[in-house]
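Overview (structure and organization)
The chain contents come next:
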Number of protein chains: 2
Amino acid sequence: MKSFKISIIGSGRVATQLAKQLEKHSHTIYEVYSRRIENATLLAEQLYDAVAVDSLDFSESEAEIFIIAVADDAVSFVAENIIVPEDSIVAHTSGTLSMRVLFPINASVGVFYPLQTFSKEKAVQFKEIPICVEGNDEYATETLLDLADSLSKKVYQVSSEERALLHIAAVFACNFTNHLLHISQQILAEKDIDFTILEPLVKETIQKAFLISPEKAQTGPAIRKDKKTIEKHLAHLAKDPDKHTVYQVLTEHIMKCFANQKQSK
Amino acid sequence: MKSFKISIIGSGRVATQLAKQLEKHSHTIYEVYSRRIENATLLAEQLYDAVAVDSLDFSESEAEIFIIAVADDAVSFVAENIIVPEDSIVAHTSGTLSMRVLFPINASVGVFYPLQTFSKEKAVQFKEIPICVEGNDEYATETLLDLADSLSKKVYQVSSEERALLHIAAVFACNFTNHLLHISQQILAEKDIDFTILEPLVKETIQKAFLISPEKAQTGPAIRKDKKTIEKHLAHLAKDPDKHTVYQVLTEHIMKCFANQKQSK
């Protein structure tokens, strides 16, 4: 597989994980940029040959690919100020931003979006992380696909429009799902029941959803139209109107979802 | 470990899985009851020495423990009609019903509730399934705890009140969570994106929630108070008012949840 010359714009969680993975797969990191040179240095020191910089003028850089891994609202600033060799590629790593934010740049541009949540506490298996790639020309697309292939088994070519949809879906499937776990933890805390009692059930639920589809895997009082149980639960939640609302809205949505389905059959 | 003589009331999914697991762990199944004898026979034939019956008169039975594994709304019928030897124990397996539904029975009673979702499509690791046990006297409690210990590493003594709470928490953590996956699948279907692209992200989210707690693991536009992204998402969902409501209610609840927390610090 081809080994690329890469510079990383950013020094946060995604920049760090990505830079290390790229090195691990035989690519070379040339520069690490941060507005604060000490942050750039901190990451550069963890890499073999990287140089820390705090200027966005890369006109003399040997890198072929520039990966922007900064907070979403800092990407425009980078796009408007970065100077790169004309035949290079600049890609951002954001799930939410369109490729268009990079159009001010006088080079091929694209997106290199790893669909995963990165944390300091937990290492992730990069080979399993879907990477969503987009390019504004064939050169950018093909090069970024090659780069993604070197890191992951799951590489997808995804347009900005599709990526926006993916992000909404991920908010439901991850951010909201995590919040429901938070609610259930709070409910169990009423009687000092340890939240981990639910771990096998939750993990089985998730596995089943991906195995047979969430539609077929749906269980519980809402889909059974078990009004007695629903009333009991709502009565218990009455003291907490916000949780009561969440329970009610989701229950009604499940009922509606499956009612509509039957009608459309 | 002691080997118990057991009869099973019911022939559905839970009855089947439980009966087989009990045999696997050296207990003996004496009778399998179903209102329809053919269903009882179907299960009894899969067991070593079990006899199929369609009468609830077990006065001559040698079994020490009678496990009721029927639909919730059939438990009262069984409780009001079953006849068992006086020194035996009758337990139901329901997450929602109080132990009290068994008080009409002239024997020790209790609850033997495996906190897991059973399906035909997927075998589960019984050793990892939490079993929640309750008894109306010490004999029932200790015997059912022994029985649970023989099947699982995770045995909990849980009162009817705690079990009711556990069930509400499980509706949030499992039924509602599955429904959010269903919603995200529907959203991705708009552009024919395969739902499994989210699998690594969802699994990582769940693992992280149990590793560092859902409270600490919360990410996404709501907790960031990223109004620009939230507006974008809501605009996209406007064509589907129900999903729009779910998004809005959960986003507001996350914001409120973390706002309250800061105030209380």
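This write-up is about the structure you can find in this document. Within each chain, residue numbers correspond to sequence positions counted from 1 in written order. Chain letters and ligand numbers both follow the written order, the letters beginning at A and the numbers at 1. With pLDDT at 70 or above as the cut-off, local features in this predicted model cover only qualifying residues; side-chain atom pairs require 80 or more to be listed or tallied, and sums for whole chains, interfaces and linings still use all residues. Side-chain numbers come from the whole structure's heavy atoms, not from hydrogens or water.

1. Looking at the overall build of chain A
Helix and strand counts for chain A stand at 10 helices and eight strands. Against the 2.2 N^0.38 benchmark of 18 Å for 265 residues, chain A shows a C-alpha radius of gyration of 23 Å, more extended than a compact globule. Burial status follows relative accessibility: with a 1.4 Å probe on protein chains alone, a residue under 20% of its type maximum counts as buried, one over 50% as exposed, and anything between as partly exposed. Counting all 265 residues of chain A, 57% fall into the buried class. Contact definition: two residues touch when any of their heavy atoms are within 4.5 Å. The long-range share in chain A, meaning contacts at least 24 apart out of those at least 6 apart in sequence, stands at 55%. Think of it this way: Lys and Arg go in the positive column, Asp and Glu in the negative one, and His and the chain ends go nowhere. Here the site of a charge means NZ on Lys, CZ on Arg, CG on Asp, or CD on Glu. Charge-centre separation for chain A: the mean point of 28 positive side chains lies 15 Å from the mean point of 36 negative side chains. Counting from the N terminus, the helices are the DSSP runs of H or I reaching at least four residues and the strands are the DSSP runs of E reaching at least two. As a reference, a globule follows 2.2 Å times the number of residues to the power 0.38, and the radius of gyration itself is taken over C-alpha atoms.

2. Quick look at the sheet that holds strand β1 (residues 5–9) of chain B
Residue and element names in this part refer to chain B. At least two bridges found by DSSP between two strands is the condition for calling them paired. Strand order in the open sheet formed by eight strands is β3-β2-β1-β4-β5-β6-β7-β8, with mixed pairing between adjacent strands. Looking along the sheet, the strands with just one partner apiece sit at the ends: β3 (51–53) and β8 (155–157). When strand polarity is set aside, the average angle formed by the axes of neighbouring strands in this sheet is 25°. The sheet contact formed by β1 and strand β2 (residues 28–33) spans four bridges and is parallel. For Lys-5, the partnering residue across the bridge sits in β2 and is Thr-28. Running over the sheet, helix α1 (residues 13–24) touches β1, β2, β4 (65–68) and β6 (108–114) and is turned about 170° from β1. For every element, the axis is a line fit to its C-alpha atoms; helices are fit only across the contacting stretch, and the angle between N-to-C directions ranges from 0 to 180 degrees.

3. Brief notes about the interface of chain A and chain B
On the chain B side, the residues contacting the 88 residues of chain A number 88 residues. Of the roughly 8,800 Å² buried where chain A meets chain B, counting both sides, 74% is carbon and sulfur surface. On the chain A side of the contact with chain B, A:Leu165, A:Phe172 and A:Phe210 bury the most area, a combined 9% of that side's loss. With its nearest N and O atoms 3.1 Å apart, the salt bridge here joins B:Asp242 to A:Lys256. Among the secondary structure elements, those contributing two or more residues to the side of chain A that touches chain B are α5 (160–189), α6 (199–212), α7 (214–217), α9 (227–237) and α10 (241–264) of chain A. Ranked by residue count, the leading element in the side of chain A that touches chain B is α5(A), at 26 residues. Two parts placed together each lose some accessible area; with a 1.4 Å probe, that loss summed over both constitutes the buried area. For salt bridges, the criterion is a side-chain nitrogen of Lys or Arg within 4 Å of an Asp or Glu carboxyl oxygen.

4. Quick look at the relation of the copies chain A and chain B
Least squares is the method for superposing the copies, and the C-alpha atoms it fits come from residues with pLDDT of at least 70 in both. Mapping chain A onto chain B calls for a rotation angle of 180° and an axial translation of 0.0 Å; the resulting RMSD is 0.1 Å. As the rotation angle and translation indicate, the two copies are arranged about a two-fold axis. Within chain A, the C-alpha atom positioned nearest to the axis of rotation is that of A:Thr177, 2.7 Å from it. Comparing contact sets, 100% of the residues at the interface of chain A also lie at the interface in chain B, consistent with an isologous, same-surface contact.

5. With respect to α6(A)
Residue and element names in this part refer to chain A. Relative to the 20 Å expected for 14 residues at 1.5 Å per residue, α6 spans 20 Å between its end C-alpha atoms, a close match to the ideal helical length. Most of α6 is tucked away, with 10 of its 14 residues classed as buried. All of the buried residues along α6 are Pro-200, Leu-201, Val-202, Glu-204, Thr-205, Ile-206, Lys-208, Ala-209, Phe-210 and Ile-212. Directly beyond the C-terminal end of α6, a positive phi value near 85° is found at Ser-213. Given the number of residues in a helix, its expected span is that number minus one, multiplied by 1.5 Å.

6. Considering the packing of α5(A) against helix α5 (residues 160–189) of chain B
Contact geometry for α5(A) and α5(B): axes closest at 9 Å, N-to-C directions at 180°. Taken together, the axes of α5(A) and α5(B) lie roughly antiparallel to each other. Per-class residue counts for the contact of α5(A) with α5(B) are 24 nonpolar, four polar and no charged. Orientation is classified from the angle alone, with under 35 degrees giving roughly parallel, over 145 giving roughly antiparallel, 65 to 115 giving roughly perpendicular, and any other angle giving oblique. In this classification, the charged set is Asp, Glu, Lys and Arg, the nonpolar set is Ala, Val, Leu, Ile, Met, Phe, Trp, Tyr, Cys and Pro, and all remaining amino acids, among them Gly, are polar.

7. Quick word on the state of the cysteines
The disulfide criterion used throughout: a pair of cysteine sulfur atoms within 2.5 Å. One pass over the full model with this rule turns up zero disulfides over all chains. Free cysteine: A:Cys174, not disulfide-bonded; nearest cysteine sulfur from A:Cys132 at 13 Å. Note on A:Cys174: relative accessible area 4%, which makes it buried. B:Cys257 carries a free sulfur, and the closest cysteine sulfur to it, the one in A:Cys174, is 18 Å from it. According to the relative accessible area criterion, B:Cys257 is buried, its value standing at 12%.

8. With respect to α1(B)
All names here are of chain B. Along its 12 residues, α1 runs 17 Å from first to last C-alpha, staying within 8% of the 16 Å computed at 1.5 Å per residue. Taken as a whole, α1 has its buried residues at Ala-15, Thr-16, Gln-17, Leu-18, Ala-19, Gln-21, Leu-22 and Glu-23. Packed against the buried residues of α1 are β1, β2, α2 (37–44), β4, β6 and α4 (138–151). Looking one or two residues beyond α1, the residue adopting positive phi is Ser-26, at roughly 70°.

9. So, the side chain of B:His92
All names here are of chain B. Topologically, His-92 is positioned in strand β5 (residues 89–92). Distance and chemistry together define a polar contact, namely a pair of N or O atoms within 3.5 Å, with one atom able to donate a hydrogen and the other to accept it when in protein, and with adjacent residues in sequence counting only for side-chain atoms on both sides. Engagement of the side chain of His-92 in a polar contact is seen with the backbone oxygen of Leu-97, the distance being 3.3 Å. Setting aside residues up to four positions removed in sequence, His-92 forms contacts with Ile-68, Val-75, Leu-97, Ser-98, Met-99, Val-101, Leu-102, Gly-110, Val-111, Phe-112 and Arg-163.

10. Considering the sheet that holds strand β7 (residues 131–135) of chain A
All names here are of chain A. One open sheet accounts for eight strands, arranged β3-β2-β1-β4-β5-β6-β7-β8; its pairing is mixed. Because the sheet does not close on itself, it has two edges, and the strands there are β3 (51–53) and β8 (155–157). Looking at each pair of strands side by side, their axes are set apart by 25° on average, direction ignored. Sheet contacts for helix α1 (residues 13–24): β1 (5–9), β2 (28–33), β4 (65–68) and β6 (108–114); angle to β1, the most-contacted strand, approximately 170°. The sheet contacts of helix α2 (residues 37–44) involve β2 and β3, and relative to β3 the element is tilted by about 165°.

11. Notes on the packing of aromatic side chains
Two rings from Phe, Tyr or Trp (for Trp, the six-membered ring) form a pair when their centres are within 6.5 Å of each other. A pair whose planes differ by under 30 degrees is stacked, one over 60 is edge-to-face, and the rest are tilted. Counted by the stated rule, this structure contains 10 aromatic pairs over all chains. Between A:Phe58 and A:Phe66, the aromatic rings sit 5.2 Å apart at their centres with planes inclined by 55°, giving tilted as the arrangement. Look at A:Phe58 and you get buried, because its relative accessible area is 3%. Taking the centre distance of 5.8 Å and the plane angle of 65° together, the rings of A:Phe172 and B:Tyr247 count as edge-to-face. Of the two residues, A:Phe172 sits in helix α5 while B:Tyr247 sits in helix α10 (residues 241–264), which places them in two different chains. The buried category is assigned to A:Phe172, whose relative accessible area is 0%.

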